[in-house]
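# Overview (structure and organization)
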Amino acid sequence: MPLLTVILTPGAFDPSAQARLARGLTEAAFEAESIPHEPGPRARGIVLIQSLAPGQFYSAGEPADARVRGVFATLQVSAGVLDGARKARLAAAVQAAAEAAAPDRSLPIVTSLEIREVPEGSWAQNGRIARLPEMTATARFGHLLDALVV
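In short, a report on the structure.

Definitions and limits used
Residues numbered from 1 in each chain as written. Predicted model: local features only at pLDDT ≥ 70, side-chain atom pairs only at ≥ 80, totals over all residues. Heavy atoms only, no water. Patch = residues over 30% accessible without salt bridge, like charges linked within 9 Å, V, L, I, M, F, W, Y side chains within 5 Å. Areas by Shrake-Rupley, 256 points an atom, 1.4 Å probe, with all protein chains shown as cover. Salt bridge = Lys/Arg side-chain N within 4 Å of Asp/Glu carboxyl O. Helix = DSSP H or I, 4+ residues; strand = E, 2+ residues; numbered from the N terminus. Buried < 20%, exposed > 50% of the residue type's maximum accessible area, 1.4 Å probe, protein only. Core = buried A, V, L, I, M, F, W, Y, C linked by side-chain atoms within 4.5 Å. Contact = heavy atoms within 4.5 Å. Polar contact = N/O pair within 3.5 Å; in protein donor to acceptor, adjacent residues only side chain to side chain.

Right, let's get into a nonpolar patch on the surface. Side chains of I7, F72 and V110 sit close together on the surface and give an oily, nonpolar patch of about 190 Å² of accessible area. Its place among the elements puts F72 in strand β5 (residues 69-78). Its relative accessible area of 30% is what places F72 among the partly exposed residues.

Take a look at the structure:
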């Protein structure tokens with residue numbers, strides 16, 4: 001049940017490229033969380049994209065709008081869903097998704113991914129605390145289903 005918040009540098013991706021990026025990031029998160037190719041669990045994959053306005057991106061204290069295409073993402077995930085190997089594969093997949101979505105290769109693409117693991121009992125959805133066993137049953141995290149005891 002990926003929830004990705006993405007900030008893009010000014011002009012980095014046109015609307016078509018943003019759609020490709022959203023699809024690529026969603027697939028990367030689905031793979032990391034081992035969510036099956038089923039409409040129900042996949043309907044919960046959410047990507048929120050914000051593009052910075054010109055003049056709002058700096059690197060080393062200098063304007064950097066025209067120097068790189070930046071994709072700065074935060075993934076919120078329940079603690080216990082991703083182990084170290086899954087996180088490493090996700091980081092590589094986020095970079096690959098950004099590169100594949102770029103409209104051209106005129107600027108280098110940099111990505112930053114923060115994985116925020118939400119502690120058990122600290123994630124609320126639709127007015128209720130969503131616990132990992134319940135989320136596993138809903139999202140069908142493939143690698144956690146065998147251990148599921150509801």
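Residues F13 and L21 are the most contacted members of the largest nonpolar core, which totals 33 residues. Going through the elements one at a time, β1 (3-8), α1 (15-32), β5, α3 (84-101), β6 (109-118) and α4 (132-139) are the ones with two or more residues in this core. A per-element tally of this core places α1 first, with seven residues. The residues touching F13, leaving out its near neighbours within four places in the chain, are L8, Q18, L21, R69, V71, A98, A101, A102 and P103.

With that out of the way, let us pick up the side chain of R42. Looking at the secondary structure, you find R42 in helix α2 (residues 39-42). Residue R42 is classed as buried on the basis of its relative accessible area of 16%. Within polar-contact distance, the side chain of R42 engages the backbone oxygen of I35 at 3.2 Å. Here the side chain of R42 touches H37 through a polar contact of 3.4 Å, side chain to side chain. If sequence neighbours within four positions are ignored, R42 has contacts with E27, F30, I35, P36 and H37.

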